Amino acid sequence: MKISYYPDTDSLYIDLSEQPSVESREVSEGIVLDYDAEGRLTGIDIDNASKKVNLKTLTLNKLPSDGQIFAA
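Notes on the structure follow. Sequence positions are assigned chain by chain, starting from 1 and proceeding in written order. Only residues with pLDDT of 70 or above have their local features reported here, since the model is predicted, and side-chain atom pairs are shown and tallied only from 80 upward, although totals for entire chains, interfaces and linings are computed over all residues. The side-chain values count all of the structure's non-hydrogen atoms but skip hydrogen atoms and water molecules.

### Details of the sheet that holds strand β3 (residues 23-28)
Right, on to step 1. Paired strands, as defined in this entry, are two strands with at least two bridges between them according to DSSP. Segments assigned H or I by DSSP are reported as helices when at least four residues long, segments assigned E as strands when at least two residues long, and all are numbered from the N terminus. With antiparallel pairing, the 5 strands of this open sheet are ordered in space as β1-β2-β5-β4-β3. Each of the sheet's edge strands pairs with one partner strand only, and the pair in question is β1 (2-6) and β3. Between one strand axis and the next, the sheet turns through 20° on average, direction left out of account.
Right, on to step 2. Note: β1 against strand β2 (residues 11-15), 5 bridges, orientation antiparallel. Following the sheet pairing, Tyr6 is matched in β2 by Ser11. In this description, a line fitted to the C-alpha atoms serves as the axis of each element, helices being fitted only across the stretch in contact, and the angle between N-to-C directions of two axes falls anywhere from 0 to 180 degrees.

Structure (C-alpha cells):
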C-alpha cells in the first residue's frame, strides 16, 4: 500500500494494489474508488483532501510484524 499526496491538486491517492485499475466509481463528491478487472478495490482518490482528512497525522495500527515502512 502506498499513500501519495499531490499538493498542486490537493489530492490524496491511496494505492492498495499493484494491479492496474480498469474502472473508477465516484462514491461521494470527490471520492473515487478504483477497481481492477476482477472487481477488487485497487485505490482510493480523494479530491480536496486537505478539507476532508487530517493530512498532518498518519497513524499505523497493528501492522503485520513483517511489514515495511518507507518515508519519501
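After that view of the structure, there is still more to cover.
### Regarding the side chain of Ser4
Right, on to step 1. Its location among the elements puts Ser4 in strand β1.
Right, on to step 2. Residues are treated as being in contact if the distance between any of their heavy atoms lies within 4.5 Å. Beyond its immediate sequence surroundings of up to four residues, Ser4 is in contact with Ser11, Leu12 and Tyr13.

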